[in-house]
Every structure is written in structure tokens, then in C-alpha cells.
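# Summary of structural features
One letter stands for each residue in the lines below.
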There are 2 protein chains.
Amino acid sequence: MSGKKAPWRSGCPINAALEIFGDRWSLLIIRDLMFRGRRTYREFLASEEGIATNILASRLKSLKASGIITTRPDPVDGRKQIYALTKKGLDLAPILVGFMEWASRYEKTSMPLTLLRRMKEEAGKLVEDVERQ
Amino acid sequence: MSGKKAPWRSGCPINAALEIFGDRWSLLIIRDLMFRGRRTYREFLASEEGIATNILASRLKSLKASGIITTRPDPVDGRKQIYALTKKGLDLAPILVGFMEWASRYEKTSMPLTLLRRMKEEAGKLVEDVERQ
DNA sequence: CAGGATCCGTTTCGATACTG
DNA sequence: CAGTATCGAAACGGATCCTG
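Residues numbered from 1 in each chain as written. Chains lettered and ligands numbered in written order. Predicted model: local features only at pLDDT ≥ 70, side-chain atom pairs only at ≥ 80, totals over all residues. Heavy atoms only, no water.

## Looking at the overall build of chain A
- Assigned secondary structure in chain A consists of seven helices and two strands.
- Each helix (α) and strand (β) of chain A, taken in turn from the N terminus, gives the series α-α-α-α-β-β-α-α-α.
- Burial statistics for chain A: of 133 residues in total, 47% are counted as buried.
- When contacts within chain A are restricted to residue pairs at least 6 apart in sequence, long-range pairs at least 24 apart make up 44% of them.
- Summed over its atoms, the accessible surface of chain A is roughly 6900 Å², and 52% of this surface lies on carbon and sulfur atoms. (Helix = DSSP H or I, 4+ residues; strand = E, 2+ residues; numbered from the N terminus. Buried < 20%, exposed > 50% of the residue type's maximum accessible area, 1.4 Å probe, protein only. Contact = heavy atoms within 4.5 Å. Areas by Shrake-Rupley, 256 points an atom, 1.4 Å probe, with all protein chains shown as cover.)

## A short note on the domain arrangement of chain A
All names here are of chain A.
- As far as domains go, chain A holds domain 1 (11–85) and domain 2 (91–133).
- Taking only C-alpha atoms, the centre of domain 1 and the centre of domain 2 are 18 Å apart.
- Taken together, the contact pairs seven residues of domain 1 with nine residues of domain 2.
- Summed over the shared surface of domain 1 and domain 2, the result is zero residue pairs in polar contact (both at pLDDT 80 or more).
- Looking at the side of domain 1 that touches domain 2 element by element, the count peaks at five residues for helix 2 (residues 26–35).
- Within the side of domain 1 that touches domain 2, the residues separate by chemical class into six nonpolar, no polar and one charged. (Domains from an automatic or database assignment. Polar contact = N/O pair within 3.5 Å; in protein donor to acceptor, adjacent residues only side chain to side chain. Nonpolar A, V, L, I, M, F, W, Y, C, P; charged D, E, K, R; others polar.)

## So, the nonpolar core
- Ranked by internal contacts, the top residues of the largest apolar core, which has 77 residues, are F21 and I68 of chain A together with F21 and I68 of chain B.
- Here I68 of chain B is in contact with W102 of chain A together with I20, F21, I30, L63, A84, L85, T86, K88, G89 and L92 of chain B, once residues within four sequence places are set aside. (Core = buried A, V, L, I, M, F, W, Y, C linked by side-chain atoms within 4.5 Å.)

## Things to note about the relation of the copies chain A and chain B
- When chain A is brought onto chain B, the operation consists of a screw motion whose angular component is 180° and whose axial shift is 0.1 Å, with 0.2 Å RMSD remaining. These values place the two chain copies in the arrangement generated by a two-fold rotation axis.
- Taken as a fraction of all interface residues of chain A, those also at the interface in chain B reach 100%, which identifies the copy contact as same-surface. (Least-squares fit on C-alpha atoms with pLDDT ≥ 70 in both.)

## A short note on the interface of chain A and chain B
- If you look at the interface, chain A gives 43 residues, while chain B gives 43 residues.
- Of all residues in chain A, the largest losses of buried area upon contact with chain B belong to R24, F99 and W102 of chain A, amounting jointly to 18% of the total for that side.
- Applying the counting criterion to the chain A and chain B interface returns two salt bridges.
- For the interface between chain A and chain B, the tally reads six residue pairs in polar contact (both at pLDDT 80 or more).
- Those elements that place two or more of their residues in the side of chain A that touches chain B are helix 1 (13–21), helix 2, helix 5 (87–90) and helix 6 (93–106) of chain A.
- The leading source of residues in the side of chain A that touches chain B is helix 6 of chain A, at ten residues. (Buried area = accessible area lost by both parts, 1.4 Å probe. Salt bridge = Lys/Arg side-chain N within 4 Å of Asp/Glu carboxyl O.)

## Here we look at the protein's contact with DNA strand D
- Lining the immediate surroundings of DNA strand D are 13 residues, of which R42, T53 and Y83 of chain A together with N54 and R59 of chain B lie closest.
- Sugar plus phosphate: this is where 53% of the atoms of DNA strand D within 4 Å of the protein reside.
- Note that a base nitrogen of DNA strand D is positioned 3.2 Å from one of the side-chain N or O atoms of Y41 of chain A.
- In the model, a phosphate oxygen of DNA strand D is placed 2.6 Å from a nitrogen or oxygen of the R59 of chain B side chain.
- Those elements that place two or more of their residues in the surface near DNA strand D are helix 3 (41–45) and helix 4 (53–65) of chain A together with helix 4 (53–65) of chain B.
- With four residues, the single largest contributor to the surface near DNA strand D is helix 4 of chain B. (Near = heavy atom within 4 Å.)

## With respect to the packing of helix 2 (residues 26–35) of chain B against helix 4 of chain B
All names here are of chain B.
- Where helix 2 contacts helix 4, the two axes come as close as 10 Å, and the packing angle between them is 75°. Looking at the two axes, helix 2 sits roughly perpendicular to helix 4. Residues S26, I29 and I30 of helix 2 lie in contact with helix 4, whose contacting residues are L56, R59, L60 and L63. (Axes fitted to C-alpha atoms, helices over the stretch in contact; angles between N-to-C directions. Parallel < 35°, antiparallel > 145°, perpendicular 65-115°, else oblique.)

## Let's talk about helix 6 of chain A
- The terminal C-alpha atoms of helix 6 of chain A, which comprises 14 residues, lie 20 Å apart, in line with the 20 Å expected from a rise of 1.5 Å per residue.
- Turning to helix 6 of chain A, its buried residues are A93, I95, L96, V97, G98, F99, M100, W102 and A103 of chain A. (Expected span 1.5 Å × (residues − 1).)

## Observations regarding helix 6 (residues 93–106) of chain B
- Across the 14 residues that make up helix 6 of chain B, a large majority, ten, are buried.
- Among all positions of helix 6 of chain B, only A93, I95, L96, V97, G98, F99, M100, W102, A103 and S104 of chain B are buried.

This is the structure in C-alpha cells:
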């Protein structure tokens, strides 16, 4: 999780991914950044899942250490940090969409399929935008 | 994890998925079933990541409860149980492949890209096979 | 011997109170 | 408002025991 001690052999690439995502929260933070326009500590805290402050801080730290997000100070309010996805983080979009499609097919959720389709399209565009830069 | 207590609102389908995969082990078991032809308790134990017996048993139980795997007794050796993926479990193939592609791009792993491509093709065929039945 | 349950010491998580 | 300290709860690893 924190990417510190990894006693596993990393032969299978899934292990590398699980070291970052083998927990409940990291993917939710990425979802918030990717699809919900959240970019500050406070905005993440406000997500309906109710992450605890210490967990949020530790996950943000480990996501940053993994090169999935970056931070820069808010030019307006210097106290705030603005979090953003890197290219590496944006490239997770297909996986997030895959999870959502799978879960909407097999688990009961309240997300309408039209919204899901919109998110899928948007995810594609996000990645294209970054690749153009 | 065990899908028992879920104090979260399930508005976003990702939550449904994370309740099953928000841990280190479930996806590895699914990988073993999907790409490595493992199908018994003993074979899972032998995976290089070294899951503990109690953890393996609890994950198998929760994956079965989630309808992702099934069990049946081995017709040859009655002591053994044969585990297999359901359609719901096989439909996770694109996500597994997505994780592997992402991780091979950004994390150093020892899996050659040619093998990755083979697995990707195979994942597609697995799903087709089940859908034909 | 295969599958799996139980116990126990250790690590990690998470809710809340608290600090700069 | 962002982040840390505390401390109980849960998960983990490993050994051992149980059952067919």
C-alpha cells in the first residue's frame, strides 16, 4: 500500500498494481479526481464514502510517491494544495471504467447506464487531452 | 471484503467492485484461476505470493458468496475441491488485463510483453467460450 | 494427505480528537 | 482548513489442529 516493503516477487505485473490499489480508498480518490473534478483535501473528504482524515492523508502521500498524482499550491489560497492526476494516473481510466461496467452489470447500483456511457466517453477524452500536450 | 457490512452508499458502481476487490488477495486468486490454470486450494497456496491458509480460505469463501467462483468436488479424488470462475468472474478478464498493461507500462516487472499479449488474447477467448455455452 | 478452522502475536486500518 | 496523534478494531502471517 505504502509501497515500502514488498516481500512479494514482482514477476506478475498485477502485483505492482495491487501494491497501489490493494485497498479500499486509492481508487476512490482517483475516481474523484478523474470524474468528479475534486482537487483539494477538503473536496475528497466530502465524498459520500466518508474517508477518515488520516487515511486520506496517507493515501494521498502514497499516490504521490507512486507518481500517480501531483500537488501544487493553490495560487489563490496558499494554504490549499491542488491535487491532479499525472499521465500515469490518467491511464488508469480504462480500468476504472471497466470496474464500473462490470459492477453495473452484476451488482445493483444506482448509477444509470447513460451516465456510465458519458463517463466512458469522457475518460477517453481526458487521456487524449493529456497525450496531446 | 466479505461483503457483509457496507455502511457506504452504493451510488457509484466502483463501490460495489471495491467491496469485493479492495484487498490484496482476491484479484490474485482470480488471476491464478484465469491465466494459470490453478483450481485447487493446494495450487493456490503454491503461488509465489505466499498467501496464508486462513486468508486463502476466507477469500475463497467470500468470492464464492459473491458469485465469482464455484466449487465442485474432484471426480477423481473426492477430497479435493475444484474451483472455477463463473461468467461473472470471467467478465473480470478485461480489468485484469488492463491492470497488467498499465503496470507493465509504468512499473518494472519481469513479464515480457509478448506474454502479456498472449494473455490478452486468451482472456478474450475464455470469455467467448463461456458465452457460447 | 487435501481442505480448512482456530488460536495468537504483530501489523495495519480507521474514527475521533487534536494541532499549526 | 490541512494534516497529525491516539488508540481500539480489524486484518494478516504462521503454526497448529481438526475432519474426511
